Structures are given as structure tokens and as C-alpha cells.
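# Structural features, examined
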Amino acid sequence: MIVYLLCFALFLVGLYGVLTKRNLVKIILSLGIMGYAANLFLILVGYRNESQYPIIAEGVKQAPMVDPLPQALVLTSIVIELGTTALLVVLALRLFEKYNTFDITKIRRLSG
Amino acid sequence: MPVETWLIFILSFMIIASIAALEIKDILSSIVAIGVVGLGVSIAFLFLQAPDLAIVQFLFEIFALIILVRAFLRKDYHKEDPAKINKILTGITVVTLISIFLYSVPALNHLPPFGKPLMTTSQYYIDNSAKDTGAANFVASIILDYRAYDTLGELTVLFTAILGALTILRIKSQRNIIETAKKKKDGMTVIVKTVTRVSCWMILLYGIYIILHGHLTPGGGFGGGVILALAFLNVMLAYGKKFTANWLNINFLYDVEAASATLFLLVGILGISIGGAFFANYLSKGELFHLISSGTILPLNILIGIKVAMSLFLVVWVLAGLRFEKGEEV
């Protein structure tokens, strides 16, 4: 229970960054924090006490395993996170090129 | 110590690191702090018995750091303007978020307690995976056999995101790379080049090993793909862009990236005609624990590995070519 709460707190830290920061780089990093928290939460829910990783090895007796389903979904989610981060970085650079700033309030002012 | 205690320790550490990342004024320091959070996630995955995820998270974290540092370093806008931050708005946000946190306590109480998951569908996968798919790594068997359709959707998202990034930067960056190559001497010293000549092949070999053994050991296409991209990156940093452009033929890499995504879809469509369902596993399952086994999981892993390697390398490639002066018009 307390791990879930801490994980949710991590998510809220990311949300705080998205809502209050005005530097585009900080906003991208906050989105990253939210992504970490979401991924970690799914794996936390799938953990089973006194179990091993969901991979069998030759000649070893199969012990109880943790839930493999969230692991499979989170694996692809990590990859997508990097893809979207790259897209956001490129968009931020493009904005920097045009307005010469990362401050979102200034960008808004210039667009009229 | 029980797992839960370790996790509480790691999570508290991550929360502190992420608050630090958001509040530090210097951008480079906050990027490094984010790296600490990401590696903390990787360690937490190890404690939660998810070696697959730990490897992939570690590699992607390193790659994300490379992209972020390359993109945001050496620009003199770094410092935030502290005078203009609206204190009232920040206060309201903090109070709202704390109340959300307090309301979440009863909601999280309804979840199954930590360490006792529901395990309904998952128990079926654990019991039958080795028999159904012939893969020793159950995570790989879920990603590329039971739930291959989901993976196709997720690959589409990745493909679109990378395509967007490349489209925005490609033309400008191409021009810059040609200009830079003309102007100055490319690459590092002869010592670095000589070491790279050996190390790059070793990294490539390790990446190929990780991809090919995706159905037997932790790793698979996603992790191995990043290692391949890092090997190319190694060459690019040591020998310079001009040499790399000649060696790799960048336009060909764009084609390979698109082709591997299409081939992934083709393997799925062939499943309709041969196996009777989209992404059916129609090849021979082989013998458990052997390299050539588990039907279509092996080819799909290879395709994902190529796709991830090409797209990530190309993103860093176009970012490396990016270079603009202050106030330059678009």
C-alpha cells in the first residue's frame, strides 16, 4: 500500500512540473517523470511475493512467477516514451529556432 | 530486507531526485537528475523480478539522456528567470495536488494488496506459454505471440513519433552536415579511432546476440536495437559525420527503417493465410531452449531490433546535424 502511495506521489510531482513550470525543457522532463511513475505502478501491481522472474531455464524446476502481462505491456510503453520524448525535443528545438526562447509565456506573446 | 523496504527506499530517492530536477535552475543538472530517476526505475524493476524491463529501461534511459543533452546543451538560454514565477498559482497547484493525493488513499486501498496480484489471465499465460509458443521468456511470448497485435499498434506509435521528429529536422540537418564536413577536420584522435575500430564490432555483436536470444533470455528486439544504435553512435562520435555518412549510406538506413516496419506487418498478414488468424504463430515451434525455436517470435524480434536501431540512430543523426545561430530565421 505505501509503495503505491509513493509511486502516486512521484506521478504527482511530474504533474506539478507540467502545471507550474514555464520552461519547455522542464515540461518535457516532467512528462518523463509521469511516464516513469505510470510504468512502475503497473509493475508494482503485478508483483507476487516469493516469486521469480517469468523466464524458465533448462533443468531448473519452475517456481511461482510474477505476473508477466504488465511487464509485456510496460516494455513497449518504455520504447514509446523515448519516441515521444524525441518528438517533443525536436518540436521544442524548432520553437527555440523561431522564437529564441524556451519560455512558453513568451512564445505565446509572440504568436499574437 | 524484504522487497517492500527496498522499494520504499528507492521510490523516496526517486521523488527527491525528481523534485530536484524540477527545481534546479541549470538545465544540464536537471537532465542529469532525470537520469538518476530513470536509473532508479531500472533498479526497482530488478527488485520486482522484471529483468527484461530493467535492461530495456536502462538502455533507453541512457539513450534519452544522449538525446536530451545533445539537444539542449551549449545554448545560452539555460537559466530560468526566477523573478516572474507566479507564487499564488504555484501555491494553488500544490494545494490541489496534495488534496488529490489524500483522496487517492481510499482509492488505492481498493487495489489488491502489494504482493498479491489477481493473476487470472496471467496464470493461463504462465501455465501454457512454454507449450503454446515454445519460448522460454514468457514476456517475449506475450509481446510477440499472444499480444502481437498490441505490439503492432505500439510500433505504429513509435514509427509515427520518429517519423515526425525526422521530418521536422531532416532537410535542414542534411544541409548542415554537408557544410560541416567541408569546413573542419572530422572525428577524434587516432587513439579513439583505433579503439573504436575494435569496440564497435564487439558492441554490434552483443546487440545481435541480445536480439537473437530474445525468446530465451531477457532483452529481445527492443533492448538489442538500442545496443546496435549505440554501436553506430560510437562510430559517428569517433570518426565524424562525413566518414559515417559514407560508411553507412544514410538514405539506405531510412529505407531499412521503413522496410522493417512493413515486413513486421507482412509477417502478421501471412498469419491470416497460413495460420488462420492475424499474427498467428505459423512457423514450427521447435524445441524449447533452442536458438531456432518459438516460430514467428524470432523473426519478429529481429525485425523490431532493426527497426528500433535504425530509428534511434537516425534521430541522433539529425540532431547531430542541427546547428543554428542565435536569432536565425527559419
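Residues numbered from 1 in each chain as written. Chains lettered and ligands numbered in written order. Predicted model: local features only at pLDDT ≥ 70, side-chain atom pairs only at ≥ 80, totals over all residues. Heavy atoms only, no water.

## Examining the overall build of chain A
The helix and strand tally for chain A stands at 4 helices and 0 strands. Listing the helices and strands of chain A from first to last along the sequence gives α-α-α-α. On C-alpha atoms alone, chain A measures out to a radius of gyration of 20 Å, which is more than a quarter above the 13 Å that the 2.2 N^0.38 rule sets for 112 residues. Along the first, second and third principal axes, the C-alpha atoms of chain A reach 65 × 30 × 15 Å. Considering only contacts within chain A whose residues lie at least 6 apart along the sequence, 48% involve residues at least 24 apart. Positive and negative charge centroids in chain A, built from 10 and 6 side chains respectively, lie 18 Å apart. (Helix = DSSP H or I, 4+ residues; strand = E, 2+ residues; numbered from the N terminus. Rg over C-alpha atoms; globule rule 2.2 N^0.38 Å. Contact = heavy atoms within 4.5 Å. Lys, Arg positive; Asp, Glu negative; His and termini not counted. Charge placed at Lys NZ, Arg CZ, Asp CG, Glu CD.)

## As for the nonpolar core
Ranked by internal contacts, the top residues of the largest apolar core, which has 120 residues, are B:Phe45, B:Phe60 and B:Phe72. In terms of residue count, helix α12 (residues 297-321) of chain B provides more of this core than any other element does, 16 residues in total. Mapping this core onto the domain boundaries places at least three of its residues in each of domain 1 (1-116) and domain 2 (118-330) of chain B. With residues up to four places along the chain from it excluded, the contact list for B:Phe60 reads A:Ile78, A:Val79, A:Leu82, B:Phe222, B:Val226, B:Val308 and B:Leu312. Formed by 7 residues, the second largest nonpolar core is a distinct cluster that contains A:Met65, B:Met119, B:Ala136 and B:Leu216. (Core = buried A, V, L, I, M, F, W, Y, C linked by side-chain atoms within 4.5 Å. Buried < 20%, exposed > 50% of the residue type's maximum accessible area, 1.4 Å probe, protein only. Domains from an automatic or database assignment.)

## A short note on the side chain of B:Asp52
Among the structural elements, B:Asp52 can be located in helix α3 (residues 51-72). Put simply, B:Asp52 is tucked away with no salt bridge, and the nearest opposite charge, on B:Arg147, sits 15 Å away. Every residue in contact with B:Asp52, bar those within four places of it in the chain, is listed here: A:Ile55, A:Leu75, B:Asn137, B:Val139, B:Pro218 and B:Gly219. (Salt bridge = Lys/Arg side-chain N within 4 Å of Asp/Glu carboxyl O.)

## Examining the domain arrangement of chain B
Residues and elements named next belong to chain B. What the domain assignment lists for chain B is domain 1 (1-116) and domain 2 (118-330). The C-alpha-based centres of domain 1 and domain 2 are spaced at 27 Å. Contact residues are listed per partner, giving 15 residues for domain 1 and 21 residues for domain 2. Contact between domain 1 and domain 2 buries roughly 1500 Å² in total, counting both sides, with carbon and sulfur atoms accounting for 79%. (Buried area = accessible area lost by both parts, 1.4 Å probe.)

## Brief notes about the interface of chain B and chain A
Counting residues at the interface gives 101 residues for chain B and 77 residues for chain A. Together chain B and chain A conceal approximately 8500 Å² of surface at their shared face, both sides included; 78% is due to carbon and sulfur atoms. In terms of surface lost to chain A, no three residues of chain B exceed B:Leu22, B:Gln49 and B:Phe114, which account for 8% of the buried area on that side. At the junction of chain B with chain A, the criterion picks out 1 salt bridge. The set of elements that each furnish at least two residues to the side of chain B that touches chain A consists of α1 (3-23), α2 (27-47), α3, α4 (87-109), α5 (121-133), α6 (138-146), α7 (148-183) and α12 of chain B. Residue composition of the side of chain B that touches chain A, grouped by class: 69 nonpolar, 18 polar and 14 charged. (Nonpolar A, V, L, I, M, F, W, Y, C, P; charged D, E, K, R; others polar.)

## Points about the environment of B:Gly40
Turning to its location among the elements, B:Gly40 is positioned in helix α2. On a C-alpha basis, the gap between B:Gly40 and B:Leu11 in space is 7.7 Å, while along the polypeptide they are 29 residues apart.

## Brief notes about helix α3 (residues 68-99) of chain A
Residue and element names in this part refer to chain A. Look at α3: 47 Å from first C-alpha to last across 32 residues, which is about the 46 Å you get at 1.5 Å a residue. Taking the backbone nitrogen of Leu69 as reference, a side-chain oxygen 3.2 Å away marks Asp67 as the first, capping residue of α3. Once α3 finishes, Asn100 follows within two positions and takes phi at roughly 60 degrees, a positive value. (Expected span 1.5 Å × (residues − 1). Polar contact = N/O pair within 3.5 Å; in protein donor to acceptor, adjacent residues only side chain to side chain.)

## Notes on helix α9 (residues 220-239) of chain B
Residues and elements named next belong to chain B. Here α9 spans 29 Å end to end across 20 residues, near enough to the 28 Å set by a 1.5 Å rise per residue. A large share of α9 lies buried, amounting to 17 of its 20 residues. Of the residues one or two after α9, Gly240 is the one with positive phi, at around 90 degrees.

## What about the packing of α2(B) against α3(B)?
Residues and elements named next belong to chain B. Where α2 meets α3, the closest approach of the two axes is 8 Å, and the angle between their N-to-C directions is 175 degrees. Compared by their axis directions, α2 and α3 come out roughly antiparallel. Together, Ile27, Leu28, Ile31, Ile34, Gly35, Gly38, Leu39, Val41, Ser42, Phe45 and Leu46 of α2 and Pro51, Leu53, Ala54, Gln57, Phe58, Glu61, Leu65, Leu68, Val69 and Phe72 of α3 make up the contact between the two elements. Here the residues of the contact of α2 with α3 are counted per class, giving 16 nonpolar, 4 polar and 1 charged. (Axes fitted to C-alpha atoms, helices over the stretch in contact; angles between N-to-C directions. Parallel < 35°, antiparallel > 145°, perpendicular 65-115°, else oblique.)

## Let's talk about the packing of aromatic side chains
Residue and element names in this part refer to chain B. Counted according to the given criterion, the structure contains 18 aromatic pairs over all chains. With centroids separated by 6.2 Å and ring planes inclined at 65 degrees, the aromatic side chains of Tyr124 and Tyr125 adopt a geometry described as edge-to-face. Between Tyr124 and Tyr146, the ring centres sit 6.5 Å apart and the planes meet at 70 degrees, which makes this aromatic pair edge-to-face. Residue Tyr124 is found in helix α5, and its partner Tyr146 is found in helix α6; the two are separated by 22 residues along the sequence. (Phe/Tyr/Trp six-rings, centres within 6.5 Å; stacked < 30°, edge-to-face > 60°.)

## Let's talk about the pattern of salt bridges
Counting across every chain of the model gives 4 salt bridges over all chains. Among the ionic pairs, B:Glu23 bridges to A:Lys21, the shortest N-O distance being 3.3 Å. Placement of the pair is B:Glu23 in helix α1 and A:Lys21 in the loop between α1 (2-20) and α2 (24-45), with the two residues belonging to separate chains. Residue class for B:Glu23 comes out partly exposed when judged on its relative accessible area of 33%. Between B:Lys307 and B:Glu257 there is a salt bridge whose closest N-O contact spans 3.0 Å. Remark: B:Glu257 occurs in helix α11 (residues 250-275) and B:Lys307 occurs in helix α12; sequence separation between them is 50 residues. The same class applies to B:Lys307 and to B:Glu257, which are both buried.

## A closer look at the packing of α3(A) against α3(B)
At a minimum axis distance of 10 Å, the contact between α3(A) and α3(B) shows a crossing angle of 0 degrees. As far as their axial angle goes, α3(B) and α3(A) are roughly parallel. Where α3(A) approaches α3(B), its residues A:Gln71, A:Val74, A:Leu75, A:Ile78, A:Val79, A:Leu82, A:Ala86, A:Val89, A:Ala92 and A:Leu93 are matched on the opposing element by B:Asp52, B:Leu53, B:Val56, B:Gln57, B:Phe60, B:Phe63, B:Ala64, B:Ile67, B:Leu68, B:Ala71 and B:Phe72. Residue composition of the contact of α3(A) with α3(B), by class: 18 nonpolar, 2 polar and 1 charged.

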